[in-house]
Protein chains: 2
Amino acid sequence: MANTVCRWGILSTADIARKNWLAIKNSGNATVVAVASRNVEKAQKFINDCQAHAPFEQAPAALGSYEELLARTDVDAVYIPLPTGLRKEWVLRAAAAGKHVLAEKPVGISAADVREMSAACAKHNVQFMDGVMFMHSQRLNALRAALNDGHSVGRLRRISSSFSFAGSDEFVKGNIRASGELEPAGCLGDLGWYNIRFTLWAMNYQMPTKVSGRLLSQVRRSDSGSPVPTEFSGELFFDGDVSASFYCSFLNENQQWAVLSGSKGFIRVPDFVCPFFGSEVSFDVTNARFAPRGCDFAMEDHTRRVSVPEYGNGAPNAQETNLFRNFSQLALSGKPDTAWDDITLKTQQVMDACLASAHQDGKLVELGR
Amino acid sequence: MANTVCRWGILSTADIARKNWLAIKNSGNATVVAVASRNVEKAQKFINDCQAHAPFEQAPAALGSYEELLARTDVDAVYIPLPTGLRKEWVLRAAAAGKHVLAEKPVGISAADVREMSAACAKHNVQFMDGVMFMHSQRLNALRAALNDGHSVGRLRRISSSFSFAGSDEFVKGNIRASGELEPAGCLGDLGWYNIRFTLWAMNYQMPTKVSGRLLSQVRRSDSGSPVPTEFSGELFFDGDVSASFYCSFLNENQQWAVLSGSKGFIRVPDFVCPFFGSEVSFDVTNARFAPRGCDFAMEDHTRRVSVPEYGNGAPNAQETNLFRNFSQLALSGKPDTAWDDITLKTQQVMDACLASAHQDGKLVELGR
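Residues numbered from 1 in each chain as written. Chains lettered and ligands numbered in written order. Predicted model: local features only at pLDDT ≥ 70, side-chain atom pairs only at ≥ 80, totals over all residues. Heavy atoms only, no water.

**Q** Looking at this structure, I do not really get the overall build of chain A. What am I missing?
**A** The helix and strand tally for chain A stands at ten helices and 17 strands. In terms of overall size, chain A behaves like a compact globule, its C-alpha atoms giving a radius of gyration of 21 Å where 369 residues would be expected to give roughly 21 Å. Projected onto the principal axes, the alpha-carbon positions of chain A cover approximately 75 × 45 × 40 Å. Across the 369 residues that make up chain A, the buried fraction comes to 63%. A separation threshold of at least 6 residues defines the contact pool for chain A, and within that pool the share at least 24 residues apart is 71%. Looking at chain A, you have 38 positive and 39 negative side-chain charges, and the mean spots of the two groups are 3 Å apart. (Helix = DSSP H or I, 4+ residues; strand = E, 2+ residues; numbered from the N terminus. Rg over C-alpha atoms; globule rule 2.2 N^0.38 Å. Buried < 20%, exposed > 50% of the residue type's maximum accessible area, 1.4 Å probe, protein only. Contact = heavy atoms within 4.5 Å. Lys, Arg positive; Asp, Glu negative; His and termini not counted. Charge placed at Lys NZ, Arg CZ, Asp CG, Glu CD.)

**Q** What should I look at first to understand the interface of chain A and chain B in this one?
**A** Frequently, the measure chosen for interface size is the accessible area that the parts lose on association. Contacts between chain A and chain B engage 60 residues on the former and 60 residues on the latter. Taking both sides of the interface into account, the surface hidden between chain A and chain B amounts to around 4900 Å²; carbon and sulfur atoms contribute 57%. In terms of surface lost to chain B, no three residues of chain A exceed A:Cys295, A:Phe297 and A:Met299, which account for 15% of the buried area on that side. Counting every contact that joins chain A to chain B gives two salt bridges. The salt bridge partner of A:Arg157 is B:Glu231, with a shortest N-O separation of 2.8 Å. The tally of links from chain A across to chain B stands at 25 residue pairs in polar contact (both at pLDDT 80 or more). Top element by residues in the side of chain A that touches chain B is strand β11 (residues 251-262) of chain A. It accounts for ten residues. Its residues assigned to classes, the side of chain A that touches chain B shows 23 nonpolar, 18 polar and 19 charged. (Buried area = accessible area lost by both parts, 1.4 Å probe. Salt bridge = Lys/Arg side-chain N within 4 Å of Asp/Glu carboxyl O. Polar contact = N/O pair within 3.5 Å; in protein donor to acceptor, adjacent residues only side chain to side chain. Nonpolar A, V, L, I, M, F, W, Y, C, P; charged D, E, K, R; others polar.)

**Q** Mind showing me how you'd approach the relation of the copies chain A and chain B here?
**A** The pair of chain copies shares a relation made of a rotation about an axis and a shift along it. When chain A is fitted to chain B, the residual RMSD is 0.0 Å, and the transformation amounts to a turn of 180° plus an axial shift of 0.0 Å. Those values place the two copies in the arrangement expected of a two-fold rotation axis. No C-alpha of chain A lies nearer the rotation axis than that of A:Lys363, which sits 3.6 Å from it. The residues that chain A uses at the interface reappear at the interface of chain B in 100% of cases, marking a shared surface. (Least-squares fit on C-alpha atoms with pLDDT ≥ 70 in both.)

**Q** Mind showing me how you'd approach the sheet that holds strand β2 (residues 30-36) of chain A here?
**A** Whether parallel or antiparallel, the strands of a sheet pair through hydrogen bonds between backbone atoms. All names here are of chain A. Strand order in this open sheet of six strands is β3-β2-β1-β4-β5-β6, and the pairing throughout is parallel. Edge positions in the sheet fall to β3 (61-63) and β6 (128-130), since each has one partner strand and no second. On average, each strand axis in the sheet is inclined to that of its neighbour by 25°, with strand direction left out of account. Relative to strand β5 (residues 100-103), strand β4 (residues 77-80) runs parallel, the two sharing four bridges. Bridging across to β5, Ile-80 finds its partner in Ala-103. Against the sheet, helix α1 (residues 16-27) touches β1 (6-11), β2 and β4, its axis set at about 150° to β2. (Pairing = 2+ DSSP bridges. Axes fitted to C-alpha atoms, helices over the stretch in contact; angles between N-to-C directions.)

**Q** Just to check I follow, could you spell out the nonpolar core for this structure?
**A** Within the largest apolar cluster, 117 residues are counted, with the highest numbers of intra-cluster contacts made by A:Trp8, A:Trp21, A:Phe198 and A:Ile267. With ten residues, helix α8 (residues 186-202) of chain A is the largest single contributor of residues to this core. Taken domain by domain, the makeup of this core includes at least three residues from each of domain 1 (6-134 + 319-338) and domain 2 (138-311 + 347-366) of chain A. Sequence-distant contacts of A:Trp21, that is, excluding residues within four places in its chain, are made with A:Val32, A:Val35, A:Phe46, A:Ile47, A:Cys50, A:Gln51, A:Ala54, A:Phe56, A:Pro60 and B:Cys295. By size, the runner-up hydrophobic cluster in this structure holds 116 residues, among which are B:Trp90, B:Ala94, B:Val242 and B:Ala244. (Core = buried A, V, L, I, M, F, W, Y, C linked by side-chain atoms within 4.5 Å. Domains from an automatic or database assignment.)

**Q** Can you help me understand helix α9 (residues 319-333) of chain B in this one?
**A** At 3.6 residues per turn, the α-helix brings residues three or four places apart onto the same side. Residues and elements named next belong to chain B. Between its terminal C-alpha atoms α9 stretches 21 Å, which fits the 21 Å expected from 15 residues at 1.5 Å a residue. Restricting attention to buried positions, one finds in α9 the residues Gln-319, Glu-320, Thr-321, Asn-322, Leu-323, Phe-324, Phe-327, Ser-328, Leu-330 and Ala-331. Two residues or fewer after α9 comes Gly-334, characterised by a positive phi angle close to 75°. (Expected span 1.5 Å × (residues − 1).)

**Q** Explain the packing of α1(A) against helix α2 (residues 40-53) of chain A here, please?
**A** Each pair of packed helices can be summarised by the angle the axes make with each other and by the distance between the axes. All names here are of chain A. Close contact between α1 and α2 brings their axes to 11 Å; oriented N to C, the two are set at 45°. Comparing the axis directions of α1 and α2 gives the class oblique. Here α1 runs over α2; the crossing is right-handed. Residues Ala-17, Arg-18 and Trp-21 of α1 lie in contact with α2, whose contacting residues are Phe-46, Ile-47, Asp-49, Cys-50 and Gln-51. Taken together, the residues of the contact of α1 with α2 sort by class into five nonpolar, one polar and two charged. (Parallel < 35°, antiparallel > 145°, perpendicular 65-115°, else oblique. Left-handed = near helix turned anticlockwise from the far one by under 90°.)

**Q** I tried to follow the pairing of strand β10 (residues 242-249) of chain B on my own but got confused; where do I start?
**A** Working note: regular strand, side chains alternate between the two faces of the sheet. Residues and elements named next belong to chain B. Most of β10 is tucked away, with eight of its eight residues classed as buried. Residues Val-242, Ala-244, Phe-246 and Cys-248 line one face of β10 and the alternating positions Ser-243, Ser-245, Tyr-247 and Ser-249 line the opposite face, and both faces are buried. Where strand β7 (residues 156-166) lies against β10, seven bridges are found, and the strand directions are parallel. Counted as the bridge partner of Ser-164 is Ser-249 from β10. In the sheet, strand β9 (residues 228-238) pairs with β10 via eight bridges, with the strands oriented antiparallel. Along β10, the bridge assignment pairs Phe-232 with Cys-248. Here β9 hands over to β10 after three residues, with Gly-240 in that stretch at a positive phi of 90°.

**Q** Would you mind going over the packing of helix α6 (residues 139-148) of chain B against helix α8 (residues 186-202) of chain B with me for this structure?
**A** Residue and element names in this part refer to chain B. Where α6 meets α8, the axes come as close as 11 Å, and the angle between the chain directions of the two elements is 50°. Relative to α8, the element α6 lies oblique. Facing α6, whose interface residues are Leu-140, Leu-143, Arg-144 and Leu-147, α8 presents Phe-198, Trp-201 and Ala-202. Looking at the contact of α6 with α8 residue by residue, the class counts come to six nonpolar, no polar and one charged.

**Q** How should I be thinking about the environment of A:Leu236 in this particular structure?
**A** Within the secondary structure layout, A:Leu236 lies in strand β9 (residues 228-238). Setting aside anything within four residues of it in sequence, one finds A:Leu236 in contact with A:Thr199, A:Pro208, A:Lys210, A:Val211, A:Val242, A:Ser243, A:Ala244, A:Phe246, A:Val350 and A:Cys354.

**Q** Is there a simple way to think about the packing of aromatic side chains in this case?
**A** The description of two aromatic rings rests on the distance between their centres and on the angle between their planes. The final tally for this structure, using the stated rule, is 37 aromatic pairs over all chains. The interplanar angle of 50° and the centroid separation of 6.2 Å between the aromatic rings of B:Phe134 and B:Tyr194 together place this pair among those described as tilted. In this pair, B:Phe134 sits in the loop between β6 (128-130) and α6 while B:Tyr194 sits in helix α8, placing the two residues 60 residues apart along the sequence. Residue B:Tyr194 is classed as buried on the basis of its relative accessible area, which comes to 9%. A connected cluster of aromatic rings, assembled from ring pairs, spans A:Phe134, A:Phe163, A:Tyr194, A:Phe198, A:Trp201 and A:Phe272. Directly above the aromatic system of A:Phe56 lies the positively charged group of A:Lys25, at a separation of 6.0 Å from the ring centroid. (Phe/Tyr/Trp six-rings, centres within 6.5 Å; stacked < 30°, edge-to-face > 60°. Lys NZ or Arg CZ within 6 Å of the ring centre and 35° of its normal.)

Remember that the coordinates give geometry; whether it matters functionally is a separate question.
Here is the structure:
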């Protein structure tokens, strides 16, 4: 069985793991065998809830510690959505236990952490990947085709993106989010990670040479040393006259748009992180044309929609399902693909530099080539 | 006649004046009586072209100098689309001649210039206004209503906008555009003026306390001392945790979108400067909703379109026509409205500060209260 179905263990009962439970169920090449929490009742409740909605034939085991889960021989891969401040330890332990590792973002407190995690996974020959679902959407192929077709965007010069949601007061100031130790990058890590990743994807992973960042709002827990960003803006500067700006926030209601603009037109993705509910994922290409005729100065819109037959969520072809299917396939192959490590490391490096800039009032921070 | 119809003179035969010729014709309370160029044949050709498309009963007079135009007693108001480096002189002379003044943007080389022009107009009791057409669209009323309704945007926190077009090589490096003396603010003056104005409008003209700017690309004419921005990004910081980013460029194809986002949702205006051709102007309001249900994590779009019955261009109810109608009405009333001077000055002050920041590598520049 281990050769055709990847057997997953989930470390922690974070809400996002419910979505991934369904993704694993829909993947066709994976199953959940165990869920661990520091509290076994919590793990059992999580399992009961999920089984009621999307049952596996055999209910996964509820475990009262992460160690127990890593000790199991029937677990091939683990999904780790623990707080960032705790994640490294468990990634290293999972790798040492021979488990493939899917880590939530931001993957590390720093790029040094990511290097350490990546090295551990390489050493133990297990796959390492972050949980950015949009990387696994078929929409990216259509976007790449439009970016490369020479007429939709032409020469790419400017990328803009916003990713935000309005967290409740409890969410924003809650124990984990406002802790400088557990989540030092705050919204930059939780949301900006996607802005940065999407930008790097658009740039074919070319690294910016300089970045700047601005802390627009922050919270500080009374017992925590350092404040945590709740609203952040950044700008990335690339060789070849390309630049990118992004904004992320826990204080502004749902926004997840990205614009890729160039010498011929622009692409707008209205929902680049979590596609809107529906049976297609899409984006718009605008090649607006200024059409003066005598004293008539018309600006013609010329927007066309490009859509891909892929459900927004919860379906066998949805991006989160593709993520688990792709990961499971890599895990089952026994040949980890370290391209994912590189992408994760680059994302972290850019994020670290943005945060460093913000702590210097937006001063440009250079990135090594 | 002078009391019901505002009689216009146009200084220079810039292309944009053709659009405004039609706007004056469509206004219902204005007419063109003279067009001046440094070359009378050029003025005559301009008039012939425009008369062929949108004829006035009596063809305007072609004049070979701006002085001649200002000396005419049958001219009530002048439209001045001259290069920025030349504009102040002619605004001052027009005001001294008792002519109402509609000036193209960027209005001045600096805020000091704008103050001087504004003072001259006040002294001679003539109207002073810049040529930002979108200020006169009925869409702004609908936008304000949405901004104020408490649920479309909620508390405004972040404004983003892009305004760009891909100028030809000749355009970008042409005599005027690349001249640090004639157009020192380059694309920031020509395009960023609109980004800044729209942002200030959204903020009810509250001034930012700090701004930063980045020169992304520039050109320098061989005989000109200083380089001219061809691509520029800026960020504005307001008291009350509101921030705004903008991008403008002569190098990226047509973009003119603005996003106003807040605690409840966001507004997107796809064409905030020159509305797309059509019989309506519109914007979208998105109140996306995250709707988890069990393991199903749906992100619902909830975008609605708000439209206003106003032609995009070239019609009696189009924004450029409204501009000339509104201006003509003010001119005919004999009671200049200095609110327009204030708005123009603020726009220039923010623009100046962005440029100053860019010349200090993006360092925050504070604005006086």
